[in-house]
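Descriptive structure summary
Single-letter residue listing:
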Amino acid sequence: MNSEMLMVSNALVAIPAVAAAALVVQTDYRRAAQINLAASGVTFLFALALLFKGHEDGSFLFVDDLNIVFVVLSTLVGFTTSIFSASYIQHEIDTGRLSLGNLRFYHATYQVLLCAMNLALLASNIGLMWVSLEVATLTTVLMVGVYRTRESLEAAWKYFILGSVGIALALFGTILVYIAAEPVLGEGYDSMVWSTLMAHAPDFSARLLNVAFVFLMLGYGTKVGLAPMHAWLPDAHAEGPTPISAVLSGLLLNVALYAVLRFKMLLTANAAAVTPGPMMIALGLASVIFAAFMLYKRDDIKRLFAYSSIEHMGIIAFAFGVGGPVANFAGLLHMTMHSLTKSAIFFSVGHIAQVKGTQKISEIRGLTQSHPALGWGLVISVMAICGMPPLGVFMSEFLVVSSTFARQPWLAVPLVFGLLVAFGALLLRLIGLAFGEPTKSVGEVQASTVPLVVHLAIVLLAGLYLPAYLVTWFQNVARLLG
Amino acid sequence: MEHLNLDVAQLLAGSLVLVSFMLLYQDRLSGLINIFALHAVALTLSVAWQAYVQHAPHLYVTAGIALIFKATIIPVALRRIVKQLRIHRTVEIVGGIGPTMFLGMFLVALSLVVMLPATASADPFAREDLAFALAIVLLGLLMMVTRRNAVSQIIGFMSLENGLILAAAGADGMPLVVEISVALSVLVAFIVIGIFLFRIRERFDTVDLFELDRVRGEKR
């Protein structure tokens, strides 16, 4: 029991929870932003400590090779986003878009969100995982609606309804998994714990697991933003505060994907159950191609990159669906690169929308001239997300495509088609945004470019050289995923 | 005795499905709210019966939550909302009542076809409960799709959620059922408060706020 109290994973859940409580009573927003930043930073340090400590096994939380990847990534993005958030909200206060009361609420929910996401990733049983994903959904709904404008409330409402339906379907799947496990593992808690579930998966009723996976895939897939359940995603990204767009794209989609992956492992372990791959491939491909075409008609800069998130989540789901050591490796790498790059994009887009006073793409031109740091930051990060070498996304996309060619060549054709269509759309929009005669700006911001630079530097480094340590680690996880 | 237990469980779960059908064709808001209260009462009885049969005292808590929160507080709150927001008392059903009912019957048949073979090895209590629960979940989804008015969509969601609670209660000795039902109640409470505070009348297209009357920016 004592050793359980000392687990690092406890700290990962406790720190954001304590910080959230402190932020509820903190009335000075500058101090609140500092607390937010410090708490996220400390949480990230603890996540790094997990790398050295390795596996942990408690009664509610556990750490294995798979969830370390997700935890480190999400605490890192949570930390850098809190830096960006501090400079972002300063401008929102100055222009009066956010009131002080709303801001207090905003900071507290930010920490609640980080807490819920860490809990979902570390939860050792399927029930706790479901509850924490529900909490994460609720907090993001509240944050999307924080501006209290007509559009933001509408987006929050839409997100709420679709997210709730997704969450409800996932619960039904979770109950079915319990019922499948119960004859083997007996009544009670054991039939919900990941480690025992995985160990006894071959003995479960395969038909029940099949039905369960359909519900889990549709339910959690809604939260991943896979087409055709994606409808909430563009609105939620476009109308909420930009730090939340960054956190949604960079973190929450991954956390939902993590849930899908865990259940996929469970089905793979049962030889008689259907292979979950084809379903993930189908949803993934549908998302890539649908989002690629939708990119062409966007006139809202945040909406544009939200569709790009749907596309990339599609690629990642596709890669994990193809399966096998190489494709899983590619999927993990692509997930990491996408999180870092997409949040970097939102860091620059957030400040760009502030200085230009609009989110309309047609009203923003010549950013590289008027705001070199933000403009070039956007150019590099969009090039990265398009998959231009030598940046990291190129490498992971290349791996996804080549491993698909090796296993199922025909599937690679629609994937590459989707990638090229999306590439064209993003490049077209980028040229308009970054070059040409600059449009007028409405104000100045004290933009903090540190998070942007850090993310892009990691993406560039990963594209040039992946440390052997990281490669073996990802390979381990890829094997684990089957 | 065992047989009687099973029969009563089936009767109660089956009556939930029937009440779901009543929700499906009800086109007056006040009637809809009353029938939802009935739905919640049927859920309470069903869960309480499971608690008695399984000797699981914690399920009484879940039943209590259903009775107090869903059968009492929520209907009262919804009635106040309908009154204060002066929502049209009759709501249209997209696609008409007839086709919707047929679709509903199809969904019930579908859930029996899917669940009964899949749960062949599970114990009979869980089996019947699950098939009924899936039917209730699907009927709830159907209701959400065929209604445009926010209040009736919420009722659809809550009936869906009742199906989930039924499934969770039917699963022998499932832990965390109480926690899950609390979490779902929080979700529902948020939705209801959301409608009330932000005066949401229709699904996604009209959010009616007091102070803001801006023209929307980008066409969607």
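Every chain begins its residue count from 1, and numbering advances along the sequence as written. Chain letters and ligand numbers both follow the written order, the letters beginning at A and the numbers at 1. Per-residue local features are limited, in this predicted model, to residues with pLDDT of at least 70; the limit for side-chain atom pairs, both in listing and counting, is 80 or more; totals at the level of whole chains, interfaces and linings are taken over all residues. To obtain the side-chain values, all non-hydrogen atoms of the structure were included, while hydrogens and water were left out.

Things to note about the overall build of chain B
- Helix and strand counts for chain B stand at 7 helices and 0 strands.
- Along chain B, helices (α) and strands (β) appear in the sequence α-α-α-α-α-α-α when read from the amino end.
- Relative accessibility thresholds used throughout: buried, under 20% of the residue-type maximum; exposed, over 50%; partly exposed, between the two (1.4 Å probe, protein chains only). Each of the 220 residues in chain B was classed as buried or not, and the buried ones make up 55%.
- Working rule for contacts: check all heavy atoms of both residues, and any pair within 4.5 Å makes them a contact. Sequence-distant contacts in chain B: of pairs separated by 6 or more residues, those separated by 24 or more amount to 74%.
- Here the open area of atoms and residues is found with the Shrake-Rupley method and a 1.4 Å probe, where only the protein chains shown may cover a residue. In the structure as shown, chain B presents an accessible area of about 9,300 Å², 68% of it carried by carbon and sulfur atoms. Helix numbers and strand numbers start at the N terminus; a helix is a DSSP run of H or I with at least 4 residues, a strand a run of E with at least 2.

Quick notes on the packing of aromatic side chains
All names here are of chain A.
- Between 30 and 60 degrees the pair is tilted, below 30 it is stacked and above 60 it is edge-to-face, where a pair is any two Phe, Tyr or Trp rings, Trp via its six-membered ring, whose centres lie within 6.5 Å. Scanning the model with the defined rule gives 17 aromatic pairs over all chains in all.
- Each ring, one from Y220 and one from F263, has its centre 6.3 Å from the other, and the planes form 20°; the classification is stacked. In this pair, Y220 is assigned in helix α9 (residues 206–224) and F263 in helix α11 (residues 242–269), connecting sequence segments 43 residues apart.
- Its relative accessible area of 1% is what places Y220 among the buried residues.
- Residue F263 is classed as buried on the basis of its relative accessible area, which comes to 1%.
- Judged by centre distance (5.8 Å) and plane angle (55°), the ring pair of W473 and F474 falls under tilted. For the residue pair W473 and F474, the accessibility class agrees, reading buried in each case.
- Among the aromatic residues, those joined into a cluster by ring pairs are F329, Y469, W473 and F474.
- Ring-over charges, as used throughout, are those where CZ of Arg or NZ of Lys falls within 6 Å of the ring centre and within 35 degrees of the ring normal. In this arrangement the basic side chain of R97 is found over the ring face of Y147, its NZ or CZ atom lying 4.2 Å from the centre.
- Directly above the aromatic system of W194 lies the positively charged group of R262, at a separation of 5.8 Å from the ring centroid.

Details of the interface of chain B and chain A
- Counting residues at the interface gives 49 residues for chain B, matched by 45 residues for chain A.
- When chain B packs against chain A, the two sides together hide about 4,400 Å² of surface, and 75% of this comes from carbon and sulfur.
- Here a polar contact is recorded for every N or O atom pair within 3.5 Å, except that within protein the pair must consist of a potential hydrogen donor and a potential acceptor, and residues adjacent in sequence are included only if both atoms are side-chain atoms. In this assembly, chain B and chain A are joined by 1 residue pair in polar contact (both at pLDDT 80 or more).
- For the side of chain B that touches chain A, the secondary structure elements donating two or more residues are α4 (97–118), α5 (124–146), α6 (150–170) and α7 (177–198) of chain B.
- Considering every element that reaches the side of chain B that touches chain A, the biggest residue donor is α7 of chain B, with 9 residues.
- The classification used treats Ala, Val, Leu, Ile, Met, Phe, Trp, Tyr, Cys and Pro as nonpolar, Asp, Glu, Lys and Arg as charged, and all other residues, Gly among them, as polar. In the side of chain B that touches chain A, the residues fall into 37 nonpolar, 4 polar and 8 charged. Accessible surface is computed with a 1.4 Å probe, and the buried area is the amount of it that two parts give up when combined, taken over both parts together.

Examining the pattern of salt bridges
Residues and elements named next belong to chain A.
- A pair is scored as a salt bridge if a Lys or Arg side-chain nitrogen falls within 4 Å of a carboxyl oxygen belonging to Asp or Glu. According to the stated counting rule, one finds 7 salt bridges over all chains in the structure shown.
- One salt bridge in this structure joins R262 and D64, with 2.9 Å as the shortest N-O distance. With R262 in helix α11 and D64 in the loop between β2 (62–63) and α4 (65–94), this residue pair connects regions lying 198 residues apart in the sequence.
- On the basis of relative accessibility, which here comes to 13%, the residue D64 falls in the buried class.
- Here R303 makes a salt bridge to E239, at a shortest N to O gap of 3.3 Å.

A look at the environment of H91 of chain A
All names here are of chain A.
- Here H91 lies in helix α4.
- For H91 and H351, which are 260 residues apart along the polypeptide, the C-alpha to C-alpha distance reads 8.9 Å.
- Ignoring any residue separated from it by four or fewer positions in sequence, one finds H91 in contact with Q354, E444 and V445.

What about helix α18 (residues 409–434) of chain A?
All names here are of chain A.
- Expected span of a helix, by definition, is 1.5 Å for each gap between consecutive residues, and there is one gap fewer than residues. Here α18 is 26 residues long and its end C-alpha atoms lie 37 Å apart, about the 38 Å a rise of 1.5 Å per residue gives.
- Along α18, the positions that sit buried rather than exposed are A412, L415, G418, L419, V421, A422, A425, L426, L430, L433 and A434.
- G436 occupies a position one or two residues after α18 and carries a positive phi of about 95°.

Quick word on the nonpolar core
- Only buried residues count toward a nonpolar core. Its members are Ala, Val, Leu, Ile, Met, Phe, Trp, Tyr and Cys residues joined through side-chain atoms within 4.5 Å. Core analysis: the largest hydrophobic core is formed by 251 residues, its most contacted members being F172, F263, F305 and L378 of chain A together with I155 of chain B.
- The element that contributes the greatest number of residues to this core is helix α7 (residues 150–185) of chain A, accounting for 21 residues.
- If we skip the residues at most four places from it in the chain, F172 of chain A touches F215 of chain A together with L130, A133, L134, V137, L164 and A167 of chain B.
- One finds L6, A9, V53 and F125 of chain B within the second-largest nonpolar core, a separate group that totals 6 residues.

Considering the confidence of the model for chain B
All names here are of chain B.
- For every residue, the predictor states its confidence as a pLDDT score lying anywhere from 0 to 100. Per-residue confidence for chain B gives a mean pLDDT of 81; residues scoring 70 or more make up 87%.
- Across chain B, helix α2 (residues 29–54) holds the top mean pLDDT of 92, while α7 sits lowest at 79.
- Taken together, the stretch residues 203–220 has pLDDT below 50 and engages in 50 contacts with residues farther than four places along the chain or on a different chain.
- As scored by the predictor, the complex reaches a pTM of 0.91 and an ipTM of 0.86.

A look at the environment of N254 of chain A
All names here are of chain A.
- Mapped onto the elements, N254 comes out in helix α11.
- Residue classification places N254 among the buried positions, given a relative accessible area of 3%.
- For the pair N254 and L340, spaced 86 residues apart in the sequence, the C-alpha separation amounts to 12 Å.
- Dropping the residues within four chain positions of it, N254 is found in contact with F70, L73, M313, M335 and S339.

Looking at the packing of helix α5 (residues 100–122) of chain A against α11 of chain A
Residue and element names in this part refer to chain A.
- Only the stretch in contact is used when a helix axis is fitted, and all axes are lines through C-alpha atoms; the angle between N-to-C directions ranges over 0 to 180 degrees. Look at α5 against α11: their axes get within 10 Å of each other, and the N-to-C directions meet at 20°. Considering their axes alone, α5 and α11 lie roughly parallel with respect to each other. Helix-helix and strand crossings are classified by hand; for α5 and α11 the assignment is left-handed. Residues Y106, Y110, L113, L114, M117, A120 and L121 of α5 lie in contact with α11, whose contacting residues are P243, I244, V247, L251, L252, V255 and Y258.
- Classifying every residue of the contact of α5 with α11 gives 14 nonpolar, no polar and no charged. With respect to orientation, any angle under 35 degrees is reported as roughly parallel, any angle over 145 as roughly antiparallel, any angle of 65 to 115 as roughly perpendicular, and every other angle as oblique. The hand of a helix crossing depends on one turn: near helix anticlockwise from the far one by less than a right angle means left-handed, and clockwise means right-handed.

Details of the side chain of E92 of chain A
- You can see E92 of chain A is positioned in helix α4.
- A polar contact is formed between the side chain of E92 of chain A and the side chain of Q354 of chain A, at a distance of 2.8 Å.

Observations concerning the confidence of the model for chain A
- Model confidence for chain A is summarised by a mean pLDDT of 90, while 99% of its residues fall at 70 or above.
- The least confident element of chain A is helix α1 (residues 2–5) of chain A, whose mean pLDDT is 64; the most confident is helix α13 (residues 301–322) of chain A, at 95.

Let's talk about unusual backbone geometry
- The peptide bond linking A227 of chain A to P228 of chain A adopts the cis configuration, its omega dihedral lying at 5°.
- With an omega of 5°, the peptide bond between P389 of chain A and P390 of chain A qualifies as cis.
- Positioned with a positive phi, H55 of chain B is a non-glycine residue whose angle comes to about 50°.
- Of note, H55 of chain B is situated in the loop between α2 and α3 (58–85).
- The class of H55 of chain B is exposed, set by a relative accessible area of 66%.

Describing the packing of α7 of chain A against α6 of chain B
- Relative to each other, α7 of chain A and α6 of chain B sit at 15°, their axes nearing to 9 Å. Taken together, the axes of α7 of chain A and α6 of chain B lie roughly parallel to each other. For α7 of chain A against α6 of chain B, the interelement crossing comes out left-handed. For the pair α7 of chain A and α6 of chain B, the contacting residues are W157, I161, S164, V165, A168, L171, F172 and I175 of chain A in the first and A150, I154, F157, L160, L164, A167 and A168 of chain B in the second.
- Split into classes, the residues belonging to the contact of α7 of chain A with α6 of chain B amount to 14 nonpolar, 1 polar and no charged.

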